[in-house]
Amino acid sequence: ADTLPSAPLDGDVRAELARVLPELGAPPLGTLNEARFRQAVVQALGARRAAGLAGLALDDLHFADAASLELLPLLAVELPLALAVRGAETPAALAGWQSAEDGATLVEVALPPLSEADVRQLLDSLSLDGVDSDRLAVPLARHTAGNPYFVLETLGALVAQPGDSSGRLPTTPTVGALIERRLAQLSPPALRLARVAALARADFNAALAAHVIQAHPLDLTEAWAELERAHVLRGDGFVHDLIGDVAARAVPAPIAGLLHRGIAEYLEA
């Protein structure tokens, strides 16, 4: 919005863009024609490229609306794009475009999580009072699976409440909301399996899950695979502790009690 007015725009293009950018002037009368509006966006960015715009970077595409995602293939014709999205939350429209493009057009770069050494280096660089990098690096990396945002949020909570005597690393509201959003995208069978895993924790395995859910082990195949694709489960455990904390917290106490009873029956047997 800040750079478009400096580009030489055709009057019709400027008018179409004024529908969402009032600083460009009065929008045209009548209802929006999607094809005409998309073409105006493409022409405007083409004009900016001619004026020196090298490319366009878009972050957090997992939050993008469908209309914006539909524009991406058209924009890619005019400009190099750098797109950032959480792999486990890739919108269907973006995934479809990715699968249709070849490697020369679309290059995927997966960002790995921070290792324990990376987390220790980050802690050392922050030099926070009362934070022992050597003691905290390993549990913090395990708690967050090396997600940089989760690491920083957890650190912020630790600094704000240094007197917590439980020994457990905290789950902040912002991180909890992000994980809840990811869990909400799961199918009911996968979410059911995740909640059993959250309550069983270290005792969780396929046999226990089949007993508690009262299903044949083969009936868990799709749900288990979905949880692994969504980076919720890895083997017999959660990718990181935060997911288990959020999944367990969402189970009402009476239901959790029944599930704990089923878990105890399996362990006793």
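First, a word on what this report is: a plain description of the structure on this page.

**As for the overall build of the chain**
Thinking step 1. Each helix and strand in the chain was counted, giving 13 helices and 4 strands.
Thinking step 2. Expected size for 269 residues packed as a compact globule is a radius of gyration near 18 Å; at 24 Å, the chain overshoots this value by more than 25%.
Thinking step 3. For the C-alpha atoms alone, the extent of the chain along its principal axes is close to 75 × 50 × 35 Å.
Thinking step 4. The buried share of the chain, reckoned over its 269 residues, is 33%.
Thinking step 5. Pairs at least 24 apart in sequence give 60% of the contacts found in the chain among residues at least 6 apart.

**Some points on the packing of helix H3 (residues 66-78) against helix H4 (residues 92-100)**
Thinking step 1. The contact between H3 and H4 brings their axes to 8 Å, and the two run at 30°. Here H4 runs roughly parallel to H3, going by the angle between their axes. On the side of H3, the interface is formed by Leu-69, Leu-72, Pro-73 and Ala-76, while H4 contributes Ala-93, Leu-94 and Trp-97.
Thinking step 2. Its residues assigned to classes, the contact of H3 with H4 shows 7 nonpolar, no polar and no charged.

**Details of H3**
Given 3.6 residues to a turn, an α-helix orients residues that are three or four positions apart in the same direction.
Thinking step 1. Along H3, the sharpest kink reaches roughly 35°, centred on Leu-72 and followed within four residues by the proline Pro-73.
Thinking step 2. Restricting attention to buried positions, one finds in H3 the residues Leu-69, Leu-71, Leu-72 and Leu-75.
Thinking step 3. Each element contacted by the buried residues of H3 is listed here: helix H2 (34-50), strand E1 (56-58), strand E2 (81-83) and H4.
Thinking step 4. For H3, the N-terminal capping position is held by Asp-65, with its side-chain oxygen 3.1 Å away from the main-chain nitrogen of Ala-67.

**A few points about the pattern of salt bridges**
Thinking step 1. This model, assessed by the stated rule, comprises 6 salt bridges.
Thinking step 2. Across the salt bridge formed by Arg-19 and Glu-16, the nearest N and O atoms sit 3.1 Å from each other.
Thinking step 3. Judged by its relative accessible area of 23%, Arg-19 is partly exposed.
Thinking step 4. Measuring nitrogen to oxygen at the nearest pair gives 3.6 Å for the salt bridge that ties Glu-34 to Arg-38. Of this pair, Glu-34 and Arg-38 both sit in helix H2, 4 residues apart, which is roughly one turn of the helix.

**Observations regarding the nonpolar core**
Thinking step 1. Counting residues in hydrophobic clusters, the biggest one holds 37 residues, and the most contacted among them are Ile-179, Leu-183, Phe-204 and Leu-227.
Thinking step 2. Those elements that provide at least two residues to this core are helix H8 (173-184), helix H9 (188-200), helix H10 (206-213), helix H11 (221-229), helix H12 (241-249) and helix H13 (253-268).
Thinking step 3. In this structure, Leu-227 is in contact with Leu-186, Ala-190, Leu-193, Ala-194, Val-232 and Leu-233, ignoring residues within four places of it in sequence.
Thinking step 4. In this structure, Val-13, Ala-44, Leu-69 and Leu-71 belong to the second largest nonpolar core, which totals 21 residues.

**A few points about H10**
Thinking step 1. Three or more residues of H10 are buried, namely Leu-208, Ala-209, Ala-210 and Val-212.
Thinking step 2. Turning to H10, the residues buried within the fold contact H9 and H13.
Thinking step 3. For H10, the N-terminal cap is Asn-205; the gap from its side-chain oxygen to the backbone nitrogen of Ala-207 is 3.1 Å.
Thinking step 4. Looking one or two places after H10, you find Gln-214, whose phi comes out positive at around 60°.

About the thresholds
Residues numbered from 1 in each chain as written. Predicted model: local features only at pLDDT ≥ 70, side-chain atom pairs only at ≥ 80, totals over all residues. Heavy atoms only, no water. Helix = DSSP H or I, 4+ residues; strand = E, 2+ residues; numbered from the N terminus. Rg over C-alpha atoms; globule rule 2.2 N^0.38 Å. Buried < 20%, exposed > 50% of the residue type's maximum accessible area, 1.4 Å probe, protein only. Contact = heavy atoms within 4.5 Å. Axes fitted to C-alpha atoms, helices over the stretch in contact; angles between N-to-C directions. Parallel < 35°, antiparallel > 145°, perpendicular 65-115°, else oblique. Nonpolar A, V, L, I, M, F, W, Y, C, P; charged D, E, K, R; others polar. Bend = angle between axes of the 7 residues up to and from the residue. Polar contact = N/O pair within 3.5 Å; in protein donor to acceptor, adjacent residues only side chain to side chain. Salt bridge = Lys/Arg side-chain N within 4 Å of Asp/Glu carboxyl O. Core = buried A, V, L, I, M, F, W, Y, C linked by side-chain atoms within 4.5 Å.

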